[in-house]
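# Summary of the model geometry
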Amino acid sequence: MRKEKKDLISVIVPCYNEEEVVSKYYEEMKKQMQKMGEVDFELIFVNDGSKDQTLEEIKKIARIDKRVRFIDFSRNFGKEAGILAGLEYAQGDYICMMDVDLQDPPYLLEEMYDTLKNEDYDCVASRSISRHGYSFLRKILTKTYYKIINIISKTEIMPGARDFRLMKRKMVDAILSLKEVNRYSKGLFSWVGFKTKWLTFENTERIAGTTKWNFWRLFSYSIESIVGFSLVPLFLSLVVGLIFLFISFIMFIVLFIKGVILDYFINPFTTLSALILFVGGFILLSLGIMSKYLANTYLEVKNRPVYLIRETEKDLK
Ligand code: UDP
Ligand code: MG
């Protein structure tokens, strides 16, 4: 029952200053690729402007193994850019993203592929249930971040989700049809929809080297994702403006009853506060209204597709 053509799995591996781990990663992957003899592989290393010997390490293995391809960036553009470049470069029927530090266990690849082959899913993604190897502060901040983004964004962002996942070609094409420049992959993967199965695994520490994410980098990345996937911050002024206006109206009514109807003495400061709240509220409300137009423009400029198709009768086998 041999098929003439084997499936091709593209594995995208972004690398930034990873000279210590490239060859170790390759050795592990070589074993995994051998185990999965029923498929062909291409390993796409994306060298994201490393300042160490990462590129030389990659070239070394590319010379001896034709399955190894690579893209070398002119400078550091960030992991998101690396992922995008890899997705555009990949030729596979199935496309996988994996960190080079072996924090994403290659053995899961087999289960991911079997699932896509035999079950009705388009993607198998992974999430780690523990966070060994990360500082206490980072664990807390990560948890808070996922709470906030899932409250204010309609796109669900799975807590603990890693970028490690295997996708069918049609899902990758859908992701590539999103042309926005500020990319937050976890959000995009979720936004395009399709059927995703989640596998969980125990997180391990990276085999060598250090994490490339310091506090500020993570912080600005999380702000990026919130701005990219939530319009809530834009409407804050609208809500606060409405609250101010409401309070000032109540104050005016009370002042009117006290001062005009009951003819009591009125402290001028109270009148002034009511006026300030009214003017402030009115300005904030106008800002909020402008935000609505800005939000619409923002969504138009992103130019995301209005819908994406998963299957039609042409896909019936
Ligand atoms: N990475 C990259 N460009 C960057 C930062 C990181 O390509 O600017 C790669 C890095 O080489 C690794 C992956 O992204 O393969 C994840 O990085 P890291 O392990 O430092 O992140 P962590 O596991 O600490 O979240
Ligand atoms: Mg890592």
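It should be noted that the structure appears before, not after, this text.
What comes next is a walk through the structure.

### So, the nonpolar core
Counting 35 residues, the largest nonpolar core has Ile9, Val11, Tyr25, Phe45 and Leu109 as its most contacted members. Among the elements of the structure, strand 1 (8-15), helix 1 (22-35), strand 2 (40-47), helix 2 (54-64), strand 4 (94-97), helix 4 (108-118), strand 6 (161-168) and strand 7 (196-201) are those that each provide at least two residues to this core. Contacts of Val11, omitting those with residues within four sequence positions, involve Tyr25, Met29, Phe41, Glu42, Leu43, Ile44, Cys96, Met98 and Leu109.

### Concerning the coordination of the magnesium ion (ligand 2)
Here the magnesium ion (ligand 2) is held by Asp101 (OD) and Gln103 (OE1), and the distances to it run 1.9 to 2.0 Å. Pair check on accessibility: Asp101 and Gln103 agree, each one buried.

### Some details on the site of ligand 1
Ligand 1 sits among 19 residues. The nearest are Glu18, Asp48, Asp101, Thr211 and Arg217. Interatomic distance of 3.2 Å between a side-chain N/O atom of Asn76 and an oxygen atom of ligand 1. Arg206 is positioned with one of its side-chain polar atoms (N or O) 2.7 Å from an oxygen atom of ligand 1. About the coverage of ligand 1: the protein hides 96% of its 530 Å² of free accessible area. For ligand 1, the cavity whose grid points lie within 2 Å of the majority of its atoms is the largest pocket.

### A look at the pattern of salt bridges
In total, this model carries 22 salt bridges according to the counting rule given. Its salt-bridge partner being Glu119, residue Lys197 comes within 3.5 Å of it at the nearest N-O pair. Placement of Lys197 in strand 7 and of Glu119 in the loop between helix 4 and strand 5 (123-128) is noted, with a sequence separation of 78 residues between them. By relative accessible area, which is 23% here, Lys197 ends up partly exposed. Asp122 is the salt-bridge partner of Arg310, the closest N and O atoms lying 2.6 Å from each other. In this pair, Arg310 is assigned in the segment after helix 10 (268-302) and Asp122 in the loop between helix 4 and strand 5, connecting sequence segments 188 residues apart. On the basis of relative accessible area, Arg310 is assigned to the partly exposed category, the value being 22%. Judged by its relative accessible area of 0%, Asp122 is buried. The network of salt bridges with shared partners includes Lys79, Asp99, Asp104, Arg162, Asp163 and Lys186.

### Here we look at empty space enclosed by the protein
Counted under the stated rule, the structure contains 1 cavity of 30 Å³ or more. One number sums up the size of the largest cavity: a volume of about 40 Å³. Looking at the largest cavity, the residues that line it are Ile83, Leu84, Leu87, Ile175, Arg183, Ser185, Leu188 and Phe189. A class-by-class count of the residues in the lining of the largest cavity yields 6 nonpolar, 1 polar and 1 charged.

Analysis parameters
- Per-chain numbering applies: the sequence of each chain, read as written, is numbered from 1 onward.
- The naming scheme follows written order: chains are lettered A onward, ligands numbered 1 onward.
- Only residues with pLDDT of at least 70 get local features here, since the model is predicted, and only at 80 or more are side-chain atom pairs given and counted; chain-wide, interface and lining totals rely on the full set of residues.
- To obtain the side-chain values, all non-hydrogen atoms of the structure were used and water was disregarded.
- Take the buried residues of types Ala, Val, Leu, Ile, Met, Phe, Trp, Tyr and Cys, join any two whose side-chain atoms come within 4.5 Å, and each joined set is a nonpolar core.
- To sort residues, take the accessible area from a 1.4 Å probe on protein chains only and compare it with the maximum for the residue type: under 20% means buried, over 50% means exposed, and anything in between is partly exposed.
- Counting from the N terminus, the helices are the DSSP runs of H or I reaching at least four residues and the strands are the DSSP runs of E reaching at least two.
- Note on definitions: a residue-residue contact is assigned when non-hydrogen atoms from the two residues lie within 4.5 Å.
- Note that water is not among the atoms considered, so a metal site may appear incomplete; the donors listed are N, O and S atoms within 2.8 Å of the metal, with 3.2 Å applied to Na, K and Ca.
- If a single non-hydrogen atom of a residue is within 4 Å of a molecule or strand, that residue counts as near it.
- By the criterion applied in these results, polar contacts are pairs of N or O atoms within 3.5 Å in which, for protein atoms, one can donate a hydrogen and the other can accept it, and in which residues neighboring in sequence qualify only through two side-chain atoms.
- Areas reported as accessible are Shrake-Rupley estimates using a 1.4 Å probe. Residue values count occlusion only from the protein chains shown.
- Lining residues are those with an atom within 4 Å of a point, where the points come from a 1 Å grid over the protein atoms alone and group into cavities, where a 1.4 Å probe fits but cannot get out, or pockets, open sets with protein on both sides within 12 Å along at least five of seven lines.
- Each molecule is checked against the cavity or pocket grid, and it sits inside if more than half of its atoms lie within 2 Å of the grid points.
- Put simply, a salt bridge is a Lys or Arg side-chain nitrogen that is within 4 Å of an Asp or Glu carboxyl oxygen.
- Grid points are joined across faces, edges and corners, and a volume is the space filled by probe spheres set on the points.
- Any residue that is not Ala, Val, Leu, Ile, Met, Phe, Trp, Tyr, Cys, Pro, Asp, Glu, Lys or Arg is counted as polar, Gly included; the first ten are nonpolar and the last four charged.

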